[in-house]
Structure formats: structure tokens, C-alpha cells
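Summary of structural features
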Amino acid sequence: MQKLMCPFDCVSPDIDETAQINETSTALVQRLAEQKAKAGAQLAVNTDTPQLIIGSDQVAVINGQIIGKPHTVDNAVAQLTAASGQSITFYTGLAVYNSTTEQMLSCVEPFIVHFKPLSQAQIQYYIDTEQPLNCAGSFKSEGLGIALFSRLEGNDPNTLIGLPLIKLIELLQMHGMDVLS
């Protein structure tokens, strides 16, 4: 939101992010984004004024499997080894909830990362250097992680870091907010 020069407050709602039985990755992130937006409305700093509450969630999918944050070096090595020469699709769920009208608008924005073939030495160097243990997919695209990729594919590069701003602007406009006025 800083890029859009809009005032905002951040809250961190406590949401169970466990996937439901047979829930697809896109259904999961859309549900979680909507839940976070509604929960965020309950945590809002100033509940006396109408607010637009933004919720977002993201998953990474490789070969049909959701991959999360690695948390350990061994898991990060395994994730990047699996990604080597492959493509990972990131699905970002985005929701904007109007606290006055209780209207929820949401969408899922995909973004595909195509990985170069990587050697074990390259993978280990990258992990040792950037320590991406709390990043889904085991990389930081805004840092050295960009060296892992052969190509990026999507409508908005901001999607990869978790907040698709082009779609967010569209949803805000649908709620009557113009970021350019």
C-alpha cells in the first residue's frame, strides 16, 4: 500500500490457514484472503469510520503440490532442487471488504516463476547467502533469488511478493475508491 501512497494500518488476524479436505490451492487462498479481511475488520484501529479492509494470502504450487515455507535449510534445499528447471505457480488470494456495506470483493491472481537448471552448489550458495527459510518456495525474488529464474510470467510483479497491486486498485475502484484522486 505504500507504493499507492494511501494511508493504512496493518493488523495480523489469527486465522487457521489449514487447507480443507479436497480444497484446491486457488479456493484455499481466496477463502483465506476473505477470512483475513473480515477478521481484520474486527481488529481495525478506528471502527467508527467506514473502512476498506484488505486481506491477502499466497501459496506456491509445483507439480500440483502446495509447497510452503521451508523453515529449515534441508527443506529449502529440497524445494529448490525440485524447482530446478521447473515452473512454480504462485496463487495470491486478494480480498477487499467494505466495513460499512459488508460487501466483499475478491479474486485470485496467478504468477509463474520459471527456474533455471540449478546445481547443488548454486542452491547451497543461494540458501547460505539469502537464508530464505521463511519464504514460500525458498527464495526472495526481490533479492538474489532473481538469479534463480529464467523467466517470470504474470500480470503484476507485485503478485510474487504477495500483494497484486493492479488487481487491488481494480477492487478498490469497485468499492468507490480512486487511488489517483
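- By the naming in an unreviewed UniProt entry, the protein chain is Nucleoside triphosphate pyrophosphatase, taken from Shewanella inventionis.
- Quoted verbatim from the Sequence similarities (unreviewed entry) field of UniProt, the annotation for the protein chain is "Belongs to the Maf family."
- On record in UniProt, under Function (unreviewed entry), the comment for the protein chain is "Nucleoside triphosphate pyrophosphatase. May have a dual role in cell division arrest and in preventing the incorporation of modified nucleotides into cellular nucleic acids."

Section: the overall build of the protein chain
- Each helix and strand counted, the protein chain has four helices and five strands in total.
- Tracing the protein chain from N to C terminus, the helices and strands come up as α-β-β-α-β-β-α-β-α.
- In terms of overall dimensions, the protein chain is globule-like: its C-alpha atoms have a radius of gyration of 17 Å, near the 16 Å expected for 181 residues.
- Seen through its C-alpha atoms, the protein chain measures out along the principal axes to roughly 55 × 40 × 25 Å.
- Taking as baseline every contact in the protein chain between residues at least 6 positions apart, the subset at least 24 positions apart corresponds to 67%.
- Here the protein chain displays about 10000 Å² of accessible surface, and carbon together with sulfur accounts for 51% of that area.
- Distance from the positive charge centre (9 side chains) to the negative charge centre (18 side chains) of the protein chain: 5 Å.

Comments concerning the pattern of salt bridges
- As enumerated under the stated definition, the model contains five salt bridges in all.
- Put simply, Arg31 and Glu23 hold a salt bridge, and the shortest N to O gap is 2.7 Å.
- Assessed through its relative accessible area of 16%, Arg31 is described here as buried.
- For Asp57, the salt bridge goes to Lys36, with nearest N and O atoms at 2.5 Å. Of this pair, Asp57 sits in strand E1 (residues 52–62) while Lys36 is found in helix H1 (residues 25–43), placing the two residues 21 residues apart along the sequence.
- Given the relative accessible area of 7%, Asp57 is considered buried.
- Overlapping salt bridges, with partners in common, bring together Glu17, Lys36 and Asp57 in one network.

As for helix H4 (residues 165–174)
- Inspection of H4 places Leu165, Leu168, Leu171 and Leu172 among the buried residues, and these make up the whole buried set. Considered in projection along H4, the buried side chains sweep an arc of 115° and stay on one side of the axis.
- The secondary structure elements touched by the buried residues of H4 are E1, strand E3 (87–98) and strand E4 (104–115).
- Two residues or fewer past H4, Gly176 is found with a positive phi of approximately 90°.

Re the nonpolar core
- Ranked by internal contacts, the top residues of the largest apolar core, which has 22 residues, are Ile88, Phe90, Val113, Phe115, Ile127, Phe139 and Leu148.
- Secondary-structure elements contributing two or more residues to this core are E1, helix H2 (73–83), E3, E4 and helix H3 (120–130).
- A per-element tally of this core places H2 first, with four residues.
- Excluding anything up to four places from it in sequence, Phe139 contacts Phe90, Val113, Phe115, Tyr126, Pro132, Leu148, Phe149 and Leu160.
- Within the second largest apolar cluster, nine residues are counted, among which are Leu94, Val96, Leu105 and Leu171.

A few points about the UniProt feature "active site" (unreviewed entry) in the protein chain
- Those places that UniProt annotates as "active site" (unreviewed entry) correspond, in this numbering, to Asp57.
- Separated by 2.5 Å, the side chains of Asp57 and Lys36 make a polar contact.

Parameters at a glance
- Note that residues are indexed from 1 along each chain, following the sequence as it is written.
- In view of the model being predicted, local features appear only for residues whose pLDDT reaches at least 70, and side-chain atom pairs are presented and counted only at 80 or more, with totals across whole chains, interfaces and linings using the full set of residues.
- Only heavy atoms go into the side-chain values, all of them from the structure, while hydrogens and water stay out.
- UniProt positions are given in the numbering used here, feature names are shortened, and annotations may be inferred rather than shown by experiment.
- Here a helix means four or more residues in a row that DSSP labels H or I, a strand means two or more in a row labelled E, and each is numbered from the N terminus.
- Values of the radius of gyration come from C-alpha atoms, whereas the globule rule sets the reference at 2.2 Å times the count of residues to the power 0.38.
- The contact criterion used throughout is that any non-hydrogen atoms of two residues lie within 4.5 Å.
- The Shrake-Rupley method, run with a 1.4 Å probe sphere, supplies the accessible areas, and residue values consider only the shown protein chains as cover.
- Charged residues are defined here as Lys and Arg on the positive side and Asp and Glu on the negative side; His and the ends of the chain fall outside this count.
- Lys charges are placed at NZ, Arg charges at CZ, Asp charges at CG and Glu charges at CD.
- Salt-bridge detection follows one rule: a side-chain nitrogen of Lys or Arg within 4 Å of a carboxyl oxygen of Asp or Glu.
- For every residue, the accessible area (1.4 Å probe, protein chains only) is compared with the maximum for its type, and the residue is labelled buried under 20%, exposed over 50%, or partly exposed between those bounds.
- Working note: the arc is built from the helix axis to C-beta atom directions.
- Working definition of a nonpolar core: buried Ala, Val, Leu, Ile, Met, Phe, Trp, Tyr and Cys residues. They are joined through side-chain atoms within 4.5 Å.
- Identification of polar contacts relies on pairs of N or O atoms within 3.5 Å, with a donor-acceptor requirement for protein atoms, meaning one able to donate a hydrogen and the other able to accept it, and with residues adjacent in sequence counted only if both atoms are side-chain atoms.

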